[in-house]
Structures are given as C-alpha cells and as structure tokens.
Amino acid sequence: MTRPSTDPTAAAQGAMSQVLTFVIGDVTYGIDIPCVQEIRGWTAVTRLPQSPADILGVLNLRGAIVPVLDLRLKFGSSNVQYTPVTVIVVVSVMSATGPREFGMVVDGVSDVIDIAAQDVKPAPDLGNAASAACIRGLATIGGRMVVLLDVNLLLGKESAAAGPEADRAA
Amino acid sequence: MTIDLTQFHDAFFDESFEALDSMESTLLKLDTGSPDSESINTIFRVAHSIKGGAATFGFGEITSFTHSLETLLDELRGNRIAISPQICDLLLKSVDVLRAMLAATKAKQPIDAQGVADLQFDIELVIVHREGASAAAPLAANSSAASDLAAVAAAGAEQPGRLVEWQIDLRPGPQFFERGTDPVRIFRELAVLGNLMVTAHLDALPPCQDMEPGRCYLSWSLSLVSDAPEAAIREIFEWVNADCELTFRASQSSLPMPAVRVPAAVVTLPAPAAPLPAGDAAQPVPVAQSSSAMDSGSIRVGVEKIDELINTVGELVITHAMLSQISRGISGPGTEGLRTAIQQLERNMRQLQESVMRVRMLPISAVFSRFPRMVRDLGQRLEKQVDLKITGETTELDKTVLEKIGDPLVHLVRNCIDHGIESAAVRAATGKNIAGTIHMNASHRGGSICIEVSDDGGGLDCERIVAKARAAGLVGADDNLSREEIQELIFLPGFSTAEITTDVSGRGVGMDVVRRNVSDLGGKIEVQSERGRGSQFLITLPLTLAIVDGLSVAVGDQTYILPMMSTIESLRLSPTQVTTIADGREVFAFRDDYLPIIRLYRFFGLTPRARALHDGLVVVVEGAGRRVGLFVDDLLGQQQVVIKSLETNYGHVAGIAAATILGDGSVALILDVPDLIRSASRREAA
C-alpha cells in the first residue's frame, strides 16, 4: 500500500492529498490513495446468493475472501462488460469490526493526482442517485472534473459506521 | 536491579485458576466420612501456593483470605477439626470467592470485599469454635491485632496460649535481594504473630566504593515473643530459606516478656528442611507438582500463535491442491517425478495438519469438570439426590469447540436434573434407586465427537408434548406423529420446557437455544427417550472449526461444499419416485419417510445444467432436525476444505456458512444446511 508523501508542513495545512482516478463511462472518479490495496485484472468471481445486484460475488485475494462490487452497476452505467482489461480496484476501509477489504470493478484506472484541499468543492444536491450518497466532493484538475468518492460509504451501512475520518487518518 | 513483577501476573493467574479447579475437583471427590490425607494436602498446597504468589505480587486481600483458609486447612490436616459436609461447603465457597477475587484482580476490578469478609468471618468462626474458651482469652490479650485473622489463625495451631521467645538469626546469601525478596515483608508478617524486635548487623558492609548495590551485606537478629507454633513461624521464611542461613532458637516461658533466655534447640535450615510437614515440602513449585497429570514438560503458548500456525497450514493445504491440479494438467518428461513428489508432499502435509490440529485439542474434562459441582448444588437446591457419572473425559476436541459447548451442556444437565430426574418420593414409588443418575460421556466417532448426556429420570412425556404443541399451533390437530417426531418437537423455538413440565422450578432453558448453539458449531443434537426410563441427548460435533470434511457439488457454473456431517447419502431419482404435491412442492420416498426436494439452482437463482430430477443427483442432508433432498447437477468429490470467513469482509449470507478456496484458487461457498433448510421453508411458506 503506497502512502502519500507526508511533508509535515503540507499535512499541517491539510493542503494536498493524493487521489487515484478511474473512469466509469465518461465520468472520472477519484478515491484517496491510502485506502487502495491493489489493482488487479478481471478474474471470475464466485456468486453470492441473495446479494444486491451490484455485488458480483467474492474472490480469493491471497487467501482472504473479498467481495467484489461493480461500481458501474451501482452508478447505473449502461455498458457493463467483463473483459480481460476490466479492472478491479481493491480497497480497504475501517469498519466497526476492523479493516474490511473489497474490490470495485471500474472501466479503467487513469492516474494518480495531487489535489489541494481548497480545490475540493462540495457536491451539488444530486437527489437520490445511488452515487450521490458516496460523493465527498468535486474537484477540477486540468480542466477535467473529478468526482471524489468516500469509499467508506460504498459498501453499505456497516462499513460506513466507522465514519469518514478513517480514510483521512493516513 | 528491579524486576518488573507484572510480567509474571498472567502466569500466576493461569496457575491459580488451574489450581483452584484441581482444588474444587478434589473437594468434590472428598469423602467426608473418611477423608484421605493426600486430598487435604493437595487442597492445602493449592491455598498455600496461591497465598505465596499473591503475597509476592502484593495482592493483599487474596493473601489475607488464603491465609485464613490455609489455617482452617491446617486444622483439618492435623485432624483437629473434622471434615463435615458443612466444612466442605465452606471450602467450596472459598474456591468461588478466590476465583472471583483472582478474576477481579486480573481484570483490575474492585474485589467484592463484603462477600470475602463474610466468608472469612465464617472460616474464622469455625477455627475459633474449635479452639474453645481456653484459647480465646490469651489470644485476645496477646495479639496486637486481634481482628487480624493471621493472628487468630496462627495462635490456634499448636500450643495455644504458651508464649515462646524465639531467637532467629537471618543471614542472607549475597543474591538475596536479586531474587526479589523483601526482608521487611517477612518482619511485618512476624510482627503479626507477636512481639518482635529486629536488630540489623551492619558489620559486613564494605566501604562505599566497594559496594555492589544489588548485593546483600546485611544480616539480622530477630527476637519474637509469640504463642504461634514453630511451623507457622518457619513458614514465613519458606520463600527465602533457600537463599539464606537461618537459625532458630526457642526458649519457653510463661511470662509475657521472658527474663531468662535459654537456648533450647538449634536447628539450621538448608533449603526445604526435614521437620516440615509432608505437605509443605513441595510448595515452592506451585502447580506443576500439585497436579502430577500435567507436569510432562509442557509450555504455555498464546492461542493466537497456534491459530496463525493453523492458518498457515490451511494455506498449505490450498497450495497443495493447486499444485496437484496443475500437475494433472501437464505431461512430458519429469512429470512422473513431480507427481510422486506431490504425493509425498500430501502425506507430509496431512501429518503436519494433524499435529497442528492436535495442538489446539484439549481434553473435554476441562468442560466436564464443572458439572460435579453444578449437579451437587442444583441437586441440593431442588432436594433431589443426583449422582453424576462422567466417562470419556480424556476425549480431546478443539479449544474453540470446547469453549462453546459448555453452555449447551449446562442447559442440558440442568434440564435433566430439573425436569428429568424425579423427586426421591416418586423414584421410590416406582421402584427406582432413590438417587437419580446423570451420565455424561464423550467419545470419538469417525471424524467427529459424540457427547452423550443421559438420565434415568421420567423421560419425555409424549402426550403432554403433543398437547402442548397442538395448543401452540406447532402441529396440526390431526397430525399423526411418530415418537421420534414428537421428541423432535422439544427443539422447536417457543417450546419451553418450563411449560411442559409440571413440578419444581420451571426455570427451564429452551432446547431450541441448545440446538442452535450446537448447530452454530457445525454439530447436531438428537434425543432418545423412553417414558419412565429416562432420556438421552446425543450431541455430535466436528473435531475442529478450521477444516471441514466436505462433499463438493456442482450447480450450474458454481461449486458448493456440503459439510459431510450434514449429508446422509446421495441418490439419483427416477421420475416415478417423485411426487408433486400442492404448490409444486416435490417430495420423494426415502427409507420410511417422505422428504421435500430443494432445488439448489432455484434457491440460489442459477442456471443449472440439469433441470430434470433424473439428470442430476439428490443429496439427502439433515439439519435443524429435518431431512431434505438437495437437488444438484453433479457430485464432484469429497475433500477437506479450509474454512474461510465470509463475514470478515462482507457479511452473513442466508444458507451459507463460510467460504473456502479450491485447488484452482477460486472461491467455493460452504453451505449451512440447517440455515438453508430454514430459509427454504420460509421462502416456500411466503
């Protein structure tokens, strides 16, 4: 797990954070780098019965059983295909019961960018869209809008219980 | 040099708890009519080593309480107080109080001082009673702290009221301080026994520049006027006498302050000396010697270390499965050698796995040992005579299973005493032995553990059960039930034993809780009962929770694992064997029963390869007290799989117990058969 450079002065101002960006459809999303465990290619998953439609199943991540969430289904993307270039971003979040890992299927990973805290704008009211609840803010980098997600809120209520401070801790 | 004593606390607590267990079991075995001295010595040793440890670590309350207890035990040992059932009760209560004190101290919680003081007072009372009036007077006059039990205790032991002046020379060895001995503590304890004067000899002190700070250069002369017996005084030095030279001289006098000092006897004590009572000789080594069963060079290891080892072995099992799968897919020169090597690896791995699993195995006596006490207490409270027979207590099972099986067993045994065993009058009227018998037995059967709890009481009253079940709407008014089916009813939720049985406490625990606990452990429970002859509960449990013997089945493109313990047999049905009853539910005849069919692909929402029943297979499984046929595409084989939690990263899924990793690295789900049957029937009902 890579950590952002922890320059004490920068940290004190809360100025910069590193964000992994990925695309789903036409939209670029970003998540905080510290919670990213690994990025892996698509492998078939084992289906979980009676699970929500966007939970594809579980896969074996070096001996641990990790659920895989299709972020494209969750955000209502129309074009959902599983090809060898489909990517799973494995993230780790803190929950009340300890760290939890899960995989997120996205169309492709783009970049790692630095975002200054003052560049993050609150998201406008998006109503009840599934994605709206997980958005931490919006930022514009090089003329491109990035939707910053709070991964703690992606996998349902239990993982959100620990609160958004978990991903800022690093 | 300071030693951080807290690092030894855990060991002290562990050893003390074990010692208390052995004290309790010895007490329960003690025949109050003709007590054997070895048992009393064992109990004495336990109290003594706890006292010693507690004093070393500065747990004052425990030291004080064990001191009183020890005094009482010393009286018993000297046959000055006879062992009666009342004394036995007192000692058992002391075990409880000590256990609570230790637990509280360990958790850094306050000790229930009132409870301790009450019991200590009772103990004191017994001791004082035996001393009689003659001893009481000088005792009160003499001891500086009459309320202090140590004084009361010591005073009564040998020659009450006879004052002796002791001249004690204490010449410590150079390592005296390094061993953590504090002479002031010894002096303080002595001062409790009587009038003490201490003179320190400083003549051996070297000049400052030559002094080693950790070394002891001092020696002391003590003068103690006390009516305490010699053994009580010597005992205070017990923890130090290996490190120092100790000289005792006694001069007897009837005067409070002796005028003439006559050296009567000089005894030099090198290490554990001869005149000590037999029981004292073994004391400096606490538990190891008091329970000879467990002294064969064992070490204490943290459970997490063992679990880590088991996890690694689990990974190894998976890696091996991968290797052998790969080796089957390749050909060419050298593959024969590779396969042989993999087979060799498998043998070694199985061996390793078994050994590692055995590390986690503990004898079930750890659980069984609490029952003699419970049966005794409960029998007394309900005024029933109950004998407990325990067999197979050396049977070993996984520590986790062991920890979780205790409560269900307590419920079972409690129910047996409460509702199973009849009152003495009823038993006498039916020509039974007045004392009821509860038999607990544990044994290995194949890859599982069987625990039986049986009683020779009244048995289950089928008519009452049916009546109750009808009233509660659990069975239809005209359902014709076999005896087995009726007996199964007691495991249904909402079927409280408190309501079906008439007499006594009515504080029954729902048998459904027992069944759920057992099935949470991957086990099952059955009951057999005969009216008037008693009941037998049979619990079958897997040996371990880390690995399960499973049958892998294919449904569509998925592989599922069925725990072998839940499966009965698999069969291919011909269309004529299956009857479709109302709402499209399918049943088939199996042995003497009609079993419903659960089509797994439907339950899991998959696309199967076989839709017609005769194209696939039906696996008869058992869970939640019911049998059903699971319809699957195919059987893939039987294998041991490592259990991986789904809940670490996800959560509970209905009908799924856990997951595992197959030889090709993919994940397969392990079915939770009882849960599956329950959810399937709920879904059909909906």
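Computed from a prediction, not measured in an experiment: that's the story for all the values here.

Visitor: Explain the overall build of chain A here, please?
Guide: On a plain count of helices and strands, chain A comes out with four helices and ten strands. In sequence order, the secondary structure elements of chain A are arranged as α-β-β-β-β-β-α-β-β-β-β-β-α-α. With 170 residues in all, chain A has 36% of them scored as buried. In chain A, the share of contacts with a sequence separation of at least 24, taken over all contacts with a separation of at least 6, comes to 56%.

Visitor: I would appreciate a short explanation of the overall build of chain B in the present structure.
Guide: Tallying secondary structure elements over chain B gives 21 helices and 23 strands in all. When burial is assessed residue by residue, chain B has 34% of its 686 residues classed as buried. In chain B, the proportion of contacts linking residues at least 24 apart, taken out of those at least 6 apart, comes to 68%.

Visitor: Explain the pairing of strand S5 (residues 64-70) of chain A here, please?
Guide: Within a regular strand, the side chains alternate between the two sheet faces. Residue and element names in this part refer to chain A. Counting buried positions along S5 yields six of seven residues, so the element is predominantly enclosed. Examined bridge by bridge, strand S4 (residues 55-61) and S5 share six bridges and lie antiparallel to one another. By the bridge assignment, asparagine 60 is partnered in S5 with isoleucine 65. Between S4 and S5, which pair antiparallel and follow one another directly, the connecting turn spans two residues, one of which, arginine 62, has a positive phi of 45 degrees.

Visitor: What is the right way to read the environment of serine 570 of chain B from this model?
Guide: Residues and elements named next belong to chain B. Relative to the helices and strands, serine 570 is located in strand S15 (residues 567-571). A residue is classified by how many C-beta atoms lie within 10 Å of it, and serine 570, with 17 of them, is partly exposed. Residues serine 570 and valine 619, 49 residues apart in the sequence, show an inter-C-alpha distance of 4.1 Å.

Visitor: Would you explain unusual backbone geometry in this entry?
Guide: Across residues other than glycine, the phi torsion is negative in most instances, and most of the peptide bonds are trans. Of note in this structure, glutamine 50 of chain A is not a glycine but carries a positive phi near 55 degrees. Inspection of the secondary structure puts glutamine 50 of chain A in the loop between strand S3 (36-41) and S4. Residue class for glutamine 50 of chain A comes out partly exposed when judged on the 13 C-beta atoms lying within 10 Å of it. A positive phi is found at lysine 108 of chain B, a non-glycine position, where the angle reads about 55 degrees. Following the sequence through the fold, lysine 108 of chain B ends up in the loop between helix H4 (85-106) and helix H5 (113-142). Judged by the 6 C-beta atoms lying within 10 Å of it, lysine 108 of chain B falls in the exposed class.

Visitor: I tried to follow the interface of chain A and chain B on my own but got confused; where do I start?
Guide: Put simply, an interface is often sized by how much accessible area is lost when its parts join up. Of the residues lining the interface, 18 residues belong to chain A; the matching set on chain B comes to 21 residues. For the side of chain A that touches chain B, the elements supplying multiple residues, two or more each, are S4, S5 and strand S7 (98-106) of chain A. Element by element, the count of residues in the side of chain A that touches chain B is highest for S5 of chain A, at four residues. Of the residues contributing to the side of chain A that touches chain B, the split by class is nine nonpolar, five polar and four charged.

Visitor: I keep staring at the packing of helix H13 (residues 371-382) of chain B against helix H14 (residues 399-420) of chain B and nothing clicks. Help me out?
Guide: Helix-helix packing is characterised by the crossing angle of the two axes and by the distance between the axes. Residues and elements named next belong to chain B. Two elements in contact, H13 and H14, have axes separated by 10 Å at closest approach and are oriented at 30 degrees. It follows that H13 is roughly parallel to H14 by the angle criterion. As H13 runs across H14, the sense of the crossing is right-handed. Where H13 abuts H14, its residues Phe371, Met374, Val375, Leu378, Gly379 and Leu382 lie against Val410, Val413, Arg414, Ile417 and Asp418. Partitioned by chemical class, the residues of the contact of H13 with H14 number eight nonpolar, one polar and two charged.

Visitor: Honestly, the sheet that holds S3 of chain A in this entry has me stumped. Any pointers?
Guide: Adjacent strands of a sheet form backbone hydrogen bonds with each other and so pair up, either parallel or antiparallel. Residues and elements named next belong to chain A. The sheet built from five strands is open, its strands ordered S3-S6-S7-S5-S4 with mixed pairing. Since the sheet does not close on itself, it has two edges, and those belong to S3 and S4, each with one partner. Strand-to-strand twist across the sheet, computed as the mean angle between neighbouring axes with direction ignored, equals 30 degrees. Two strands pair when backbone bridges link them, and strand S6 (residues 87-95) and S7 are joined in this way by nine bridges, in the antiparallel orientation.

Visitor: Hey, could you run me through the sheet that holds strand S16 (residues 578-580) of chain B in this one?
Guide: Residue and element names in this part refer to chain B. Pairing is mixed across the open sheet formed by six strands, whose spatial order is S15-S19-S20-S18-S17-S16. Every other strand in the sheet has two partners, leaving S15 and S16 as the edge strands with one partner each. Put simply, the sheet's adjacent strands are angled 35 degrees from each other on average, direction ignored. Both strand S19 (residues 617-623) and strand S20 (residues 626-632) contribute to a ladder of seven bridges, which runs antiparallel. Residue pairing in the sheet places valine 620 in a bridge with glycine 629 of S20.

Visitor: When you look at the confidence of the model for chain B in this model, what are you seeing that I'm missing?
Guide: Caution applies to low-pLDDT regions: their predicted coordinates should not be interpreted in detail. Residues and elements named next belong to chain B. Taken residue by residue, chain B gives an average pLDDT of 77. The fraction at 70 or more is 83%. Low confidence marks residues 133-160, where pLDDT is under 50. Its contacts with residues over four positions away, or in another chain, come to 52 contacts. Low pLDDT (under 50) marks residues 499-508, which in the prediction has 19 contacts with non-local residues, meaning those over four places away or in another chain. Under the prediction, the complex receives an ipTM of 0.77, its pTM being 0.53.

Visitor: Would you mind showing me how to read the packing of helix H10 (residues 303-329) of chain B against helix H11 (residues 335-360) of chain B here?
Guide: Residue and element names in this part refer to chain B. H11 packs onto H10 with a crossing angle of 160 degrees between their chain directions and a minimal axis gap of 10 Å. On the basis of the axis angle, H10 is roughly antiparallel to H11. At the point where H10 passes H11, the crossing takes the left-handed sense. Of H11, the residues touching H10 (which contributes Ile306, Leu309, Ile310, Val313, Leu316, Val317, His320, Leu323, Ser324 and Ser327) are Thr335, Leu338, Arg339, Ile342, Leu345, Glu346, Met349, Leu352, Gln353, Val356, Val359 and Arg360. Its residues assigned to classes, the contact of H10 with H11 comprises 14 nonpolar, five polar and three charged.

Visitor: Looking at this structure, how should I read the nonpolar core?
Guide: Most often, soluble globular proteins keep nonpolar side chains buried together rather than apart. Residues Val58 and Val68 of chain A together with Ile670 of chain B are the most contacted members of the largest nonpolar core, which totals 87 residues. With 37 residues, the next largest nonpolar core counts Phe368, Leu397, Ile438 and Leu460 of chain B among its residues.

Visitor: Would you explain the pairing of S7 of chain A in this entry?
Guide: Residue and element names in this part refer to chain A. Burial of S7 is extensive: seven of the nine residues sit out of reach of the surface. Relative to S7, S5 is paired through three bridges, and the arrangement is parallel. Directly across from aspartate 70, in S7, lies its bridge partner valine 105. Counted along the chain from S6 to the antiparallel partner S7, the turn is two residues long.

Visitor: How should I be thinking about the environment of arginine 358 of chain B in this particular structure?
Guide: Residue and element names in this part refer to chain B. Residue placement: arginine 358 occurs in helix H11. Judged by the 12 C-beta atoms lying within 10 Å of it, arginine 358 falls in the exposed class. Taking the C-alpha atoms as reference, arginine 358 lies 8.0 Å from aspartate 398; in sequence the two are 40 residues apart.

Visitor: Any chance you could explain the confidence of the model for chain A here in plain terms?
Guide: Counting all residues, the mean pLDDT for chain A is 78, and 79% of those residues have values of 70 or more. A low-confidence stretch, residues 1-13 of chain A stays under pLDDT 50, and its non-local contacts, those more than four residues away or across chains, total eleven contacts.

The rules behind these values
Residues numbered from 1 in each chain as written. Chains lettered and ligands numbered in written order. Predicted model: local features only at pLDDT ≥ 70, side-chain atom pairs only at ≥ 80, totals over all residues. Helix = DSSP H or I, 4+ residues; strand = E, 2+ residues; numbered from the N terminus. Buried ≥ 20, exposed ≤ 12 C-beta atoms within 10 Å, placed from the backbone. Contact = placed C-beta atoms within 7 Å. Pairing = 2+ DSSP bridges. Nonpolar A, V, L, I, M, F, W, Y, C, P; charged D, E, K, R; others polar. Axes fitted to C-alpha atoms, helices over the stretch in contact; angles between N-to-C directions. Parallel < 35°, antiparallel > 145°, perpendicular 65-115°, else oblique. Left-handed = near helix turned anticlockwise from the far one by under 90°. pLDDT = per-residue confidence, 0-100. Core = buried A, V, L, I, M, F, W, Y, C linked by C-beta atoms within 7 Å.

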